[in-house]
Amino acid sequence: MRKVLPVTEVLAGRRRAAPVPAPAPIDVGAERAARRRQRAAVLRAYVALTKPRIVELLLVTTVPAMLLAAGGLPPLGLVLATLVGGSLAAGSANALNCYLDRDIDAVMRRTVARPLARHAVSPRSALVFGVALGAVAIVIMAAFAGWLPALLTVFAILFYVLVYTLVLKRRTAQNIVWGGAAGCMPVLIGWSAVTGSLAWPPVVLFLVVFFWTPPHFWALAMRFRDDYARAGVPMLPVVASPAVVARRIVGYTWLTVATSLVLWPLATSWVYGVVAVAAGAWFLAAAHRLLGRVLRGVEPQPVRLFHLSNSYLALLFVAVAVDALVR
């Protein structure tokens, strides 16, 4: 029988072909782990779009307002529905804010790690995600909390996205003063979810958060002044001297504390009153300390006031909740 040679042996001057190496075996476990890590990273990116720390702060103000409205514990189902709807609404507004601010986020040191700035999520996906969260939030509010909380939720989302982000933020140094009104809405939403209406106590709480927002945010903006200047955002510390900023912080801190004391005779007892006075004195002392350091020409350490302002607001609203439960 004749032996059939490979083509490479028949053709003159050609060397024998090297055998094709077998592919390396696939490490199934490693591939699965890599895919899990990728999915987890994408999930974390979407969660980051909602700015969870801001959502937490909004929830801190919602629950005490509901307890005050109910004079105790409101129905648990109503509380859960309001918290879920409120969280989704805040997440929607924050995701849409990230979508609209993706250009300036990419040049600011404080925000450069946000999902859109580092291309972890596409702009289109962020837009769809934000709109979807808002739609679900409104449906939940309307179905389980009522039409008034649902309307207030719509207003809060639109005000934050359209008025603050699109109009105020890049045009005026008063951006955070008026834009901060969106962050005050949870107290109105929580109260109306319980009562179906509004009254003076939630309006006072609204004003507390409204006056608290400028000193809280301006302290942070002092720390990241160069970031905002680079991005062309006219935050007050960018367009005014440190002394002017510190004096305004002190002024708004006095307004915050004075407004918080109005709630004492209006809707609370001595339990809230003692905490409001003590926490207010603490907040005022920190604001005046910041002003003093600025006037002396030493490092003002504004981040300390920023963190302290968070603690102040949390203490104040915990006092509202405790007062409603013990009365």
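In this text, all values refer to a predicted model and were calculated from it rather than measured experimentally. (Residues numbered from 1 in each chain as written. Predicted model: local features only at pLDDT ≥ 70, side-chain atom pairs only at ≥ 80, totals over all residues. Heavy atoms only, no water.)

Engineer: Just checking my understanding: could you explain the overall build of the chain for this structure?
Structural biologist: On a plain count of helices and strands, the chain comes out with 15 helices and 0 strands. Relative to a compact globule of 327 residues, whose C-alpha radius of gyration would be 20 Å, the chain shows 28 Å and is clearly more extended. The principal-axis extents of the C-alpha atoms in the chain amount to approximately 115 × 55 × 35 Å. For the chain, with 327 residues in total, the buried portion stands at 48%. For the chain, the share of sequence-separated contacts (at least 6 apart) that also reach a separation of at least 24 residues comes to 74%. Entry remark: accessible area of the chain is about 16800 Å², with carbon and sulfur atoms responsible for 67%. Within the chain, one finds 32 positive and 11 negative side-chain charges whose respective centroids are separated by 2 Å. (Helix = DSSP H or I, 4+ residues; strand = E, 2+ residues; numbered from the N terminus. Rg over C-alpha atoms; globule rule 2.2 N^0.38 Å. Buried < 20%, exposed > 50% of the residue type's maximum accessible area, 1.4 Å probe, protein only. Contact = heavy atoms within 4.5 Å. Areas by Shrake-Rupley, 256 points an atom, 1.4 Å probe, with all protein chains shown as cover. Lys, Arg positive; Asp, Glu negative; His and termini not counted. Charge placed at Lys NZ, Arg CZ, Asp CG, Glu CD.)

Engineer: I would appreciate a short explanation of unusual backbone geometry in the present structure.
Structural biologist: In most cases, non-glycine residues show a negative phi, while peptide bonds are predominantly trans. A positive phi angle is found at Lys51, which is not glycine, with a value near 55 degrees. Despite not being glycine, His119 shows a phi value in the positive range, around 60 degrees. Mapped onto the fold, His119 is located in the loop between α5 (102-105) and α6 (123-145).

Engineer: When you look at the nonpolar core in this model, what are you seeing that I'm missing?
Structural biologist: Side chains of nonpolar character tend, in soluble globular proteins, to be buried together. Counting 85 residues, the largest nonpolar core has Leu205, Phe206, Trp218, Tyr228, Ile249 and Leu263 as its most contacted members. Counting residues per element, this core draws most heavily on helix α10 (residues 200-223), which supplies 14 residues. Among all residues touching Leu205, those that are not within four sequence positions of it are Ala65, Leu68, Val187, Leu263, Phe317 and Val320. Listed in part, the 8 residues of the second largest apolar core include Leu49, Ala95, Leu116 and Ala126. (Core = buried A, V, L, I, M, F, W, Y, C linked by side-chain atoms within 4.5 Å.)

Engineer: So what exactly am I meant to see when it comes to the packing of helix α7 (residues 147-168) against helix α9 (residues 181-195) here?
Structural biologist: Think of two packed helices as two axes; the pair is described by the angle between the axes and how far apart they sit. With their axes 9 Å apart at the nearest point, α7 and α9 run at an angle of 175 degrees to one another. When the interaxial angle is binned, α7 and α9 end up roughly antiparallel. Contact residues: Leu148, Pro149, Leu152, Thr153, Phe155, Ala156, Phe159 and Tyr160 in α7; Ala181, Ala182, Met185, Leu188, Ile189, Ser192 and Ala193 in α9. Here the contact of α7 with α9 is built from residues that sort into 13 nonpolar, 2 polar and no charged. (Axes fitted to C-alpha atoms, helices over the stretch in contact; angles between N-to-C directions. Parallel < 35°, antiparallel > 145°, perpendicular 65-115°, else oblique. Nonpolar A, V, L, I, M, F, W, Y, C, P; charged D, E, K, R; others polar.)

Engineer: Sorry, what's going on with the pattern of salt bridges here?
Structural biologist: In a structure, side chains of opposite charge can pair up when their charged atoms sit close to one another. Going through the model one piece at a time under the given rule, you end up with 6 salt bridges. Measuring nitrogen to oxygen at the nearest pair gives 2.9 Å for the salt bridge that ties Arg170 to Asp103. Separated by 67 residues along the polypeptide, Arg170 in the loop between α7 and α8 (175-179) and Asp103 in helix α5 bring together distant segments of the chain. Among the residues examined, Asp103 registers a relative accessible area of 43% and is labelled partly exposed. (Salt bridge = Lys/Arg side-chain N within 4 Å of Asp/Glu carboxyl O.)

Engineer: What should I look at first to understand the side chain of Ser269 in this one?
Structural biologist: Summarising the element assignment, Ser269 is placed in the loop between α13 (242-267) and α14 (270-296). By relative accessible area, Ser269 is classed as buried at 17%. Only 2.4 Å separates the side chain of Ser269 from the side chain of Asp323, close enough to count as a polar contact. Aside from chain neighbours lying at most four places away, what touches Ser269 is Trp264, Asp323 and Arg327. (Polar contact = N/O pair within 3.5 Å; in protein donor to acceptor, adjacent residues only side chain to side chain.)

Engineer: Any chance you could explain the packing of aromatic side chains here in plain terms?
Structural biologist: The geometry of an aromatic ring pair comes down to the distance between the two centres and the angle between the two planes. One pass over the full model with this rule turns up 8 aromatic pairs. Each ring, one from Phe210 and one from Phe211, has its centre 5.6 Å from the other, and the planes form 70 degrees; the classification is edge-to-face. Classification of Phe211 as buried rests on a relative accessible area of 17%. Among the aromatic side chains, those forming a connected cluster through ring pairs are Trp178, Phe206, Phe210 and Phe211. Here the basic side chain of Arg102 rests over the ring of Tyr99, its NZ or CZ set 4.5 Å away from the ring centre. (Phe/Tyr/Trp six-rings, centres within 6.5 Å; stacked < 30°, edge-to-face > 60°. Lys NZ or Arg CZ within 6 Å of the ring centre and 35° of its normal.)

Engineer: Quick question: what am I supposed to make of the packing of α14 against helix α15 (residues 302-326) here?
Structural biologist: Look at α14 against α15: their axes get within 9 Å of each other, and the N-to-C directions meet at 175 degrees. Our classification of the angle between α14 and α15 gives roughly antiparallel. Of the residues that constitute the contact of α14 with α15, the class distribution is 21 nonpolar, 3 polar and 1 charged.

Engineer: Help me understand the environment of Leu315 in this model?
Structural biologist: Take Leu315: it is sitting in helix α15. Separated by 102 residues in sequence, Leu315 and Thr213 have C-alpha atoms that sit 15 Å apart.

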